[in-house]
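# Chains, contacts and geometry: an overview
The lines below spell out each chain.
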Amino acid sequence: MMNDVPPPHPAGPASPDEVLAALDPDQREVASSPLGAMCVLAGAGSGKTRAITHRIAYGVASGAYRPTQVLAVTFTARAAGEMRTRLRGLGVEGVQARTFHSAALRQLHYFWPRAVGGAAPEIMSHKAGIVAEAASRLRIATDRAVVRDLAAEIEWAKVSMLTEETYAQVAAREGRETAGVDPQTMARLLTRYEDAKTARGVIDFEDVLLLMVGILSESEEIAREVRGQYRHFVVDEYQDVNAVQQRLLDLWVGQRHDVCVVGDPAQTIYSFTGASPTHLTDFTRRHPTARVVQLTRNYRSSPQVVDLANRVLAGAGGPPRRLVAQGEAGPVPTLSTYSDDAAEAVAVAATAKRRIDAGTPAAEIAVLYRTNAQSEALEDAFSDAGIPYLVRGGERFFSRPEVKRGILLLRGAVRADDPAVSLPNAVGDVLSAVGWSPEPPVGRGAVREQWESLDALVQLAVDLVGTDPDARMRDLVADLDERAAAQHAPTVQGVTLASLHAAKGLEWDVVFVVGVSEGLVPISMAEGAEAVEEERRLLYVGLTRARRELHLSWAQSRTAGGSGNRRPSRFLAPAAGVLGDGARASRGGGTRAAPTTAERRRTPRTGARRIVCRGCGTVLHDATSRTRGRCEDCPPVYDEALFERLREWRLAVASAVKIPPYAVFTDATLEAVAQYGPTDRAMLSKIRGVGARKLALYGDDVLAVVAGEDPAGD
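For clarity, every value in this text was computed on a predicted model and none was experimentally measured. (Residues numbered from 1 in each chain as written. Predicted model: local features only at pLDDT ≥ 70, side-chain atom pairs only at ≥ 80, totals over all residues. Heavy atoms only, no water.)

The next point concerns the overall build of the protein. A count of helical and extended segments in the protein gives 29 helices and 18 strands. When the 714 residues of the protein are sorted by exposure, 53% land in the buried category. Considering only contacts in the protein between residues 6 or more positions apart, those separated by 24 or more positions represent 75%. A total accessible area of about 30600 Å² is found for the protein, and carbon and sulfur atoms account for 51% of it. (Helix = DSSP H or I, 4+ residues; strand = E, 2+ residues; numbered from the N terminus. Buried < 20%, exposed > 50% of the residue type's maximum accessible area, 1.4 Å probe, protein only. Contact = heavy atoms within 4.5 Å. Areas by Shrake-Rupley, 256 points an atom, 1.4 Å probe, with all protein chains shown as cover.)

With eight of eleven residues buried, helix H12 (residues 243-253) lies mostly within the body of the structure. Along H12, the residues classified as buried are Val244, Gln245, Gln246, Leu248, Leu249, Leu251, Trp252 and Val253. Between the side-chain oxygen at the start of H12 and the backbone nitrogen of valine 244 there is a gap of 3.3 Å, and the oxygen is on asparagine 242. A positive backbone phi angle near 70° is found at glycine 254, which sits one or two residues after H12. (Polar contact = N/O pair within 3.5 Å; in protein donor to acceptor, adjacent residues only side chain to side chain.)

We now examine the nonpolar core. Judged by nonpolar contacts, the single largest core of 42 residues is most densely connected at Val513, Leu539, Leu543, Leu550 and Leu552. Elements represented by at least two residues in this core include exactly helix H15 (303-314), strand E12 (365-369), strand E15 (508-513), helix H22 (529-543), strand E16 (546-557) and helix H23 (576-579). Structurally, this core is a two-domain feature, drawing no fewer than three residues from each of domain 1 (16-107 + 210-295) and domain 3 (304-394 + 495-583). Membership of the second largest hydrophobic core comes to 38 residues, among which are Met212, Leu216, Val226 and Val235. (Core = buried A, V, L, I, M, F, W, Y, C linked by side-chain atoms within 4.5 Å. Domains from an automatic or database assignment.)

Next up on the list: unusual backbone geometry. Cis geometry is adopted by the peptide bond preceding proline 522, which originates at valine 521 and carries an omega value of 5°. Residue placement: proline 522 occurs in the loop between E15 and H22. A positive phi angle, near 60°, is found at arginine 139, a position not held by glycine. With respect to the element layout, arginine 139 can be found in the loop between helix H6 (128-137) and helix H7 (144-159). Arginine 139 gets classed as exposed once you look at its relative accessible area, which sits at 67%. Positive phi, normally seen in glycine, also occurs at methionine 161, with a value near 60°. Tracing the backbone through its elements, the reader meets methionine 161 in the loop between H7 and helix H8 (164-173).

Under the UniProt annotation, "binding site: ATP" (unreviewed entry) lies at Ala42, Gly43, Ala44, Gly45, Ser46, Gly47, Lys48 and Thr49. By the element assignment, alanine 42 lies in strand E1 (residues 38-42). Judged by relative accessible area, which is 3%, alanine 42 ranks as buried. When near neighbours in sequence (up to four residues on either side) are disregarded, alanine 42 contacts Lys48, Val262, Gly263, Asp264, Gln267 and Leu295. (UniProt positions renumbered as here; feature names shortened; annotations may be inferred.)

Moving on to the sheet that holds E15. Taken together, the six strands give an open sheet; going across it, the order is E11-E16-E15-E12-E14-E13, and neighbouring strands pair in parallel fashion. Of all strands in the sheet, those with a lone pairing partner are strand E11 (334-340) and strand E13 (389-392), marking the two edges. Looking at each pair of strands side by side, their axes are set apart by 25° on average, direction ignored. Across four bridges, E12 lies against strand E14 (residues 495-499) in parallel orientation. Paired with alanine 366 across the two strands is threonine 496, which belongs to E14. (Pairing = 2+ DSSP bridges. Axes fitted to C-alpha atoms, helices over the stretch in contact; angles between N-to-C directions.)

Time to look at the environment of tyrosine 698. Among the secondary structure elements, tyrosine 698 is positioned in helix H29 (residues 692-706). With a relative accessible area of 11%, tyrosine 698 lands in the buried category. C-alpha separation for the pair tyrosine 698 and valine 653, spaced 45 residues apart in sequence, amounts to 9.3 Å. When residues no more than four places from it in sequence are discounted, the contact partners of tyrosine 698 are Trp649, Val653, Ile659, Val664 and Phe665.

Where H8 contacts helix H9 (residues 183-200), the two axes come as close as 8 Å, and the packing angle between them is 150°. Taken together, H8 and H9 sit at an angle that is classed as roughly antiparallel. As H8 runs across H9, the sense of the crossing is right-handed. Of the residues in H9, those in contact with Glu164, Tyr167, Ala168, Ala171 and Ala172 of H8 are Pro183, Gln184, Met186, Ala187, Arg188, Leu190 and Thr191. (Parallel < 35°, antiparallel > 145°, perpendicular 65-115°, else oblique. Left-handed = near helix turned anticlockwise from the far one by under 90°.)

Right, let's talk about the sheet that holds E1 for a bit. The six strands are arranged E3-E2-E6-E7-E1-E8 in an open sheet whose pairing can be described as parallel. Each edge of the open sheet is held by one strand with a lone partner, namely strand E3 (96-99) and strand E8 (291-295). Neighbour-to-neighbour, the strand axes of the sheet open up by a mean angle of 15°, direction not taken into account. Two strands pair when backbone bridges link them, and E1 and strand E7 (residues 259-263) are joined in this way by four bridges, in the parallel orientation. The residue bridging leucine 41 from the neighbouring strand is glycine 263, located in E7.

The sharpest bend along helix H5 (residues 100-115) comes to roughly 35°, located at histidine 109, with the proline proline 113 sitting one to four residues further on. Those residues of H5 not exposed but buried are Phe100, Ala103, Ala104, Gln107, Leu108, Phe111 and Trp112. At the exit of H5 stands glycine 117, carrying a positive phi of roughly 110°. (Bend = angle between axes of the 7 residues up to and from the residue.)

This brings us to the packing of aromatic side chains. Applying the stated rule across the entire model yields eleven aromatic pairs. Taken together, a centroid distance of 6.1 Å and an interplanar angle of 85° make the contact between tyrosine 238 and phenylalanine 283 edge-to-face. Separated by 45 residues along the polypeptide, tyrosine 238 in the loop between strand E6 (232-235) and H12 and phenylalanine 283 in helix H14 (residues 283-286) bring together distant segments of the chain. Phenylalanine 283 gets classed as buried once you look at its relative accessible area, which sits at 1%. Taking 5.9 Å as the distance between ring centres and 80° as the angle between the ring planes, the aromatic pair formed by tryptophan 649 and tyrosine 698 counts as edge-to-face. Within this pair, whereas tryptophan 649 is found in helix H26 (residues 640-657), its partner tyrosine 698 is found in helix H29, the two being separated by 49 residues in sequence. (Phe/Tyr/Trp six-rings, centres within 6.5 Å; stacked < 30°, edge-to-face > 60°.)

What follows covers the pattern of salt bridges. Enumeration over the complete set of coordinates arrives at 36 salt bridges. In this structure, glutamate 194 and lysine 197 form a salt bridge, with 2.8 Å as the shortest nitrogen-oxygen distance. With a gap of three residues between them, glutamate 194 and lysine 197 both fall in helix H9, about one helical turn apart. When its relative accessible area of 27% is taken as the criterion, glutamate 194 is described as partly exposed. Using a relative accessible area of 3% as the deciding quantity, one classes lysine 197 as buried. Note that glutamate 220 and arginine 227 form a salt bridge whose closest N and O atoms lie 3.6 Å from each other. Note on arginine 227: relative accessible area 18%, which makes it buried. Residues joined in a network through salt bridges with shared partners are Lys158, Glu194, Lys197, Asp204 and Asp207. (Salt bridge = Lys/Arg side-chain N within 4 Å of Asp/Glu carboxyl O.)

Listed below in structure tokens is the structure:
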């Protein structure tokens, strides 16, 4: 069996025949054609790094290349280091293997004195300070999470090569809205941010690429010098290239065609950062003479894992891209269903412990999930089981800044706890000061992750009341203290806990993929066919991280004692032949008794009881549906004229105090008001999203609008 591992260091440079001897037929086709354009479509675990390093080695050994004229571009420093190590193992020295940023920065420092004069400007290590300053000039309220999301949007705009003039149109067309900032305001923020950088005489990491694009575009002399230095290019993970990286590559290559790109459209999972697979899929349009080679032999995973991954990916339709397993047989992947998230986490931890006790190193086990907020239950379960673990790509739950701030506020609220207000509602009101709301924020990113962390605290209050109806704020704080104290710091190598995104490029012997249910995989924020298909690819990436053993699972309910309304992910349906009929999603997510008339008529309110759709009776779990009192599939049942009057009132209030309209009330809350038509404060307070503070601020006005009056005259 062939493995994609570095060869031993030879006594001297390998001969051309020796370079090709260790390759399979497809890899050999890549390596034996070192000149001209080539597009390598490399499936997961197919030995792409072996193929392209041997292509470089063959080019050097055959005399087609001079090592110093080869530039191999990767996306991470780790990948660049691995490529250099493999080339040294093949007796090749002098090839430049760098990330896009590293290669561009090296050129920028070298050419800046000639192109601009003086030394190149300093690169700032973090954007946060300048982003916050630019936002304050536009009177955008920020906290740490908002600044992170604004910085990410600035990065997306820059790598997409957008300006203030072009950003607003593109962002509006793609439906992008960051932290409640509309595209026009975001466009102005881009300008303020650039002005602040210029005043300080600094640049950011995206500027490194943009400035080199500018220098090479404007100076033909410098462009010729770069093209004279590098005549042969290799680009790894080409499906992750963004617009500015593609433009820089085009300027490096010029009119020549000595470029080899390697990628996998099935592993395109970073479109939210500006990456686009069209550069890979359209490669032959830019280079009509390019050879296209497909690597489909998978050397990483067992045939059983590969079969499951193929079935999941085939559900997307389109041309088949099947991997062919080369490894030894392993156990059939499993799909398990649990009553709630905590039960799922406990079961996964128990299974992992059995594997460790049987001799599997903890470092060869990973648990993968869609969102960082899912790590909390897993951290608890692994801590309770005494299993060392490492959270990759995210902070431990109780170390997250928003969680620390939330707990601090809850601790301060103990003395002012009002027994007349339910504990979940009281917790929601307290946490609204740090960003929690009944409805999740629009979009994705740090603001969404912060909301999910805070919402987990609200759900803990719901769980506590479910087990102890008399529980109050003091009891919740004590419970949180116990949970935080019980955790073990991830100071030793252990089981990896990671998001599916953070797992890209890694592999383990045993992999658990948890939370494979609708709303998580695909995530509920995925809107449109392409966004949903990217979620499918993300699951595919997770599945193909497993070498031998793969376990999938999902929970029927988020909390213990819940109604079990979740459904398995639609992506599992094509794999029912492997995973069993449990992989087929059903409308109700399992069997249950039909809701009673009393259940159908309950008004929405944060708490432990069931809230069902007034249209079809389906039990509701996500915050937006619970607030509206209906599921997405059912038509609105509210008074649309009243809803529009409420929106007009909200806009006037928001404009007067210069805050976003959603900060007054979300659309979901206004829909609920228009649906239930409260006639007094007591009825209004029972609607999700109307806490004590907002009731005091806006209650009389809302009741006036409901009554047909005009509160503007007050």
